[in-house]
Amino acid sequence: MARVRVHQHVNPLTPHYRQEPIPIDPATVFSDPDLPLHLDIGCARGRFILRMALAKPDWNYLGVEIREPLVDEANEIAADEGLTNLHYTFCNAMFWLDRLLVDIPDGRLQIVTVQFPDPWFKNRHAKRRMVNPELVEAVVNRLAHCGHIFVQTDIEFLAEEMFALFQAESRLQEILINGNPFPVKTERETAVEAKDLQVYRAMFTKV
């Protein structure tokens, strides 16, 4: 399949991207809805959780992405691979993550990953950054007790900003980690490491 072309950046504040999503029903999108759930927010083309779904089939994987053509492409690839533990959905997570996850049973969401989100470098665009207090609250509200949140970026100021938002959440405790704890990497992570550039990482657990 040819890679679908999309804009690298989309403004999440425009009306088109403020659409309220349809809540995810695990029984509809996964063959075994009782498996623990890994949520990848801002999954782009979704290759990270595609490889995770192949490597660890005893989990369900949900990718959330704001660029709808990438969601459609990723779901086609998952179907071609015969993966019934993987699903992608269109959602502006900075506004609607709580609505998207409202039907996820308590204790089901065990892992959340936020990897290399758009940094929106200019100060006047800071309000477009995906990780905001509302997203952090929505994640923690749905995360299972002792569940984990993994955040990484190659942009230092963005790392400081995102990590501070999660560190400020009283229900979270930061965990010391050494590198990426997962068996696969995102395309961005691989490219950054190939250039010997630094990746900033943090992991948190709900206490």
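Owing to the predicted nature of the structure, the values given are computational and were not obtained by experimental measurement.

Colleague: What is the right way to read the environment of leucine 50 from this model?
Modeller: Of note, leucine 50 is situated in helix 2 (residues 47-55). Overall, leucine 50 belongs to the buried group, its relative accessible area being 11%. Spatially, the C-alpha atom of leucine 50 lies 9.2 Å from that of glutamate 81, the residues being 31 residues apart in sequence. Apart from the residues within four sequence positions on either side, leucine 50 is in contact with Ile77, Glu81, Leu83, Leu86 and Tyr88.

Colleague: So what exactly am I meant to see when it comes to the packing of helix 4 (residues 93-100) against helix 5 (residues 133-142) here?
Modeller: Each pair of packed helices gets described by two things: the angle between the helix axes and the distance between those axes. Here helix 4 crosses helix 5 at 20°, and the two axes come no closer than 8 Å. By the angle between their directions, the pair helix 4 and helix 5 is classed as roughly parallel. For helix 4 against helix 5, the interelement crossing comes out left-handed. Between helix 4, through Ala93, Met94, Leu97 and Asp98, and helix 5, the contact on the second element is made entirely by Glu134, Leu135, Ala138 and Val139. Taken together, the residues that form the contact of helix 4 with helix 5 break down as 6 nonpolar, no polar and 2 charged.

Colleague: Help me understand the pattern of salt bridges in this model?
Modeller: Oppositely charged side chains can form a pair if their charged atoms are brought close together. The tally for this structure, following the rule as stated, stands at 11 salt bridges. A salt bridge links glutamate 169 to arginine 171, with the shortest nitrogen-to-oxygen separation between them at 2.8 Å. Arginine 171 sits in the partly exposed class, given a relative accessible area of 27%. When the shortest N-O distance is used, the salt bridge between lysine 185 and glutamate 193 registers 2.5 Å. Connected via shared salt-bridge partners are Lys185, Glu189, Glu193 and Arg201.

Rules of the game
- Residues numbered from 1 in each chain as written.
- Predicted model: local features only at pLDDT ≥ 70, side-chain atom pairs only at ≥ 80, totals over all residues.
- Heavy atoms only, no water.
- Helix = DSSP H or I, 4+ residues; strand = E, 2+ residues; numbered from the N terminus.
- Buried < 20%, exposed > 50% of the residue type's maximum accessible area, 1.4 Å probe, protein only.
- Contact = heavy atoms within 4.5 Å.
- Axes fitted to C-alpha atoms, helices over the stretch in contact; angles between N-to-C directions.
- Parallel < 35°, antiparallel > 145°, perpendicular 65-115°, else oblique.
- Left-handed = near helix turned anticlockwise from the far one by under 90°.
- Nonpolar A, V, L, I, M, F, W, Y, C, P; charged D, E, K, R; others polar.
- Salt bridge = Lys/Arg side-chain N within 4 Å of Asp/Glu carboxyl O.

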